[in-house]
Amino acid sequence: MTRQHPIRRRILRRAALCASMLLGIALLPAQAQSDFPNKPIHLVVGYSAGGPTDVLARVLGQEIAIALGQPVVVDNKPGVNGNIATEFVQRAAPDGYTLLVNTLSHNVNPLLQPERIKYDPIKDFAPIAQVAVLPQLIVVADDSPYKTLGDLVKKAQSKPEAVSYGTAGIGGSAHLAAALLEQRTRTRMNHIPFKGNGPALTEVMSGRVDFMFFPMIGVADYVTSGRLRILAATTAQRHPDYPNVPTTAELGYPGFEDYAQPIGFIAPAGMPAPIATKIDKAIAAALAQPGTQARLKSLGADVKHRGPTEYREWLTQDRERWAQLIRSANIKAE
């Protein structure tokens, strides 16, 4: 038997070692995907604890944890209309363990502040799933002279800025919805921004502000107590909780349902598709639970599930919708 030269043996051993290392590196992503998840998953929320987005994330997080067999931790990183959380997730490893609960601001922030916010909402993230939309109601004080949306529009058409509307701030869902109403009705109304929906609603109920677009959550109590009246809903069909309230489409202004506030889950760009699919399946299972559906409904949310591919397509279309509205309405950031 021929013995190998010592130098040749060392070369072969090194070659075998390198090959083994390269093979191990190549197998790491596949192994990580097959083992996922093997540690807690973090849902990053760009708003304070206790708000609808935060509560929704916690409700779904409990069910997702059961489906995936690992804890799901909600991390609140409020500030800059959700941008602090968005940039944090953008910089995270694309391994499925850090996810963003995204809202309308994900697409709108870069459109309103392109000089400050540089992320691309589509290219820099991997959509996982949309879980819900948050429709809005057009509300006025119970003793308002505007008995219908038509009354309000007629007054707005009679004189620029004769009708006022309140919002939680420039670029929020209520502001953008009202800007859309201005466009559809060819009017110019008086926008009065507040620091939150609560103060804006107080002024509407007092009659000092004419109307506002307000999330469905919590409105019923004000209507029952005789402080608010609902003129219209931005849903595609009449909402079961408000069967006597017409939709904006019924009143001649279709398409408002396409501009509803979305709630979804996205990850840093580059996350492997098998991990996204696994998380999406857990989300779909959570949304199928009657208890989960009831909790989301109590938050004013309508369940709407879209998987990774469909959600990416929808986010792309949604960005273009808002871009057109922001340009045409000349909406500027604060």
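The structure this text deals with has already been given above.
Structure report, in brief. (Residues numbered from 1 in each chain as written. Predicted model: local features only at pLDDT ≥ 70, side-chain atom pairs only at ≥ 80, totals over all residues. Heavy atoms only, no water.)

## A short note on the overall build of the protein chain
A tally of regular secondary structure across the protein chain gives eleven helices and eleven strands. Relative to its full complement of 334 residues, the protein chain shows a buried share of 47%. In the protein chain, of all internal contacts separated by at least 6 residues, the share reaching a separation of at least 24 is 76%. Counting every atom, the protein chain has about 16,200 Å² of accessible surface; 54% of that belongs to carbon and sulfur. (Helix = DSSP H or I, 4+ residues; strand = E, 2+ residues; numbered from the N terminus. Buried < 20%, exposed > 50% of the residue type's maximum accessible area, 1.4 Å probe, protein only. Contact = heavy atoms within 4.5 Å. Areas by Shrake-Rupley, 256 points an atom, 1.4 Å probe, with all protein chains shown as cover.)

## Let's talk about the nonpolar core
What tends to happen in soluble globular proteins is that the nonpolar side chains get buried as a cluster. Ranked by internal contacts, the top residues of the largest apolar core, which has 35 residues, are Leu 56, Ile 64, Ile 128, Val 131, Phe 265 and Ile 283. Of all the elements in the fold, those that place two or more residues in this core are strand 1 (41-45), helix 2 (52-68), strand 2 (72-76), strand 3 (98-102), strand 4 (125-134), strand 10 (261-268) and helix 9 (273-287). Broken down by element, this core gets its largest block of residues, seven residues, from helix 9. Ranked by size, the runner-up nonpolar core spans 31 residues in total, among them Val 108, Leu 176, Leu 180 and Phe 213. (Core = buried A, V, L, I, M, F, W, Y, C linked by side-chain atoms within 4.5 Å.)

## Observations regarding unusual backbone geometry
Here Phe 36 and Pro 37 are connected by a cis peptide whose omega angle stands at -10 degrees. Looking at the secondary structure, you find Pro 37 in the loop between helix 1 (6-35) and strand 1. Positioned with a positive phi, Arg 186 is a non-glycine residue whose angle comes to about 55 degrees. For Arg 186, a relative accessible area of 80% puts it in the exposed group. Residues other than glycine seldom take positive phi values, yet Asn 330 does so here, at roughly 55 degrees. Tracing the chain through its elements places Asn 330 in the segment after helix 11 (308-328).

## Things to note about the environment of Lys 332
With respect to the secondary-structure elements, Lys 332 resides in the segment after helix 11. Using a relative accessible area of 57% as the deciding quantity, one classes Lys 332 as exposed. A sequence separation of 220 residues divides Lys 332 from Leu 112, and the C-alpha atoms of the two residues are 6.1 Å apart.

## Comments concerning the sheet that holds strand 1
In a beta sheet, neighbouring strands are held together by backbone hydrogen bonds and run either parallel or antiparallel to one another. Taken in spatial order, the six strands make up an open sheet running 2-1-3-10-4-11, and their pairing is mixed. The open sheet has two edge strands with one neighbour each: strand 2 and strand 11 (302-306). Adjacent strand axes in the sheet meet at a mean angle of 25 degrees, parallel and antiparallel pairs treated alike. Relative to strand 10, strand 3 is paired through three bridges, and the arrangement is antiparallel. Within strand 10, the residue paired with Leu 100 across the bridge is Ile 266. (Pairing = 2+ DSSP bridges. Axes fitted to C-alpha atoms, helices over the stretch in contact; angles between N-to-C directions.)

## Regarding the layout of surface pockets
Taking a probe equal in size to a water molecule and rolling it over the atoms shows the remaining empty space. Put simply, the largest pocket is a space of about 1,000 Å³. Lining the largest pocket are 46 residues, with Tyr 47, Asn 81, Ala 168, Asn 197 and Gln 261 sitting closest to its centre. At the level of elements, helix 2, helix 4 (105-112), helix 6 (173-185) and strand 8 (212-215) are the ones that each hand at least two residues to the lining of the largest pocket. Class assignment of the residues belonging to the lining of the largest pocket gives a composition of 19 nonpolar, 23 polar and four charged. A volume near 330 Å³ is recorded for the second largest pocket. Lining of the second largest pocket is provided by 18 residues; of these, Val 133, Thr 235, Ala 236, Glu 257 and Asp 302 occupy positions nearest its centre. Among the secondary structure elements, those contributing two or more residues to the lining of the second largest pocket are strand 4, strand 11 and helix 11. In terms of residue class, the lining of the second largest pocket is made up of five nonpolar, six polar and seven charged. (1 Å grid on protein atoms, 1.4 Å probe; cavity = no way out; pocket = protein on both sides within 12 Å on 5 of 7 lines; lining within 4 Å. Points joined across faces, edges and corners; volume = space filled by probe spheres on them. Nonpolar A, V, L, I, M, F, W, Y, C, P; charged D, E, K, R; others polar.)

## Re the sheet that holds strand 5 (residues 136-141)
Read across the open sheet, the three strands follow the order 8-5-9; overall the sheet is antiparallel. Each having just a single partner strand, strand 8 and strand 9 (228-233) make up the two edges of the open sheet. Pairs of neighbouring strands in the sheet enclose a mean axial angle of 45 degrees, with direction left out of account. Running over the sheet, helix 6 touches strand 5 and strand 8 and is turned about 135 degrees from strand 8. Across the sheet, helix 7 (residues 197-206) is in contact with strand 5, strand 8 and strand 9; its angle to strand 8 comes to roughly 130 degrees.

## A look at empty space enclosed by the protein
Enumeration according to the criterion identifies two cavities of 30 Å³ or more in this entry. Taken as a whole, the largest cavity spans an internal volume of roughly 50 Å³. A breakdown of the residues in the lining of the largest cavity according to their chemical character gives eight nonpolar, two polar and no charged. Here the second largest cavity is characterised by a volume of approximately 50 Å³. As for the second largest cavity, its lining consists of Gly 46, Tyr 47, Gly 82, Ala 85, Thr 86, Leu 100, Val 101, Asn 102, Thr 103, Ser 105 and His 106. Elements supplying a minimum of two residues to the lining of the second largest cavity: helix 3 (83-90), strand 3 and helix 4.

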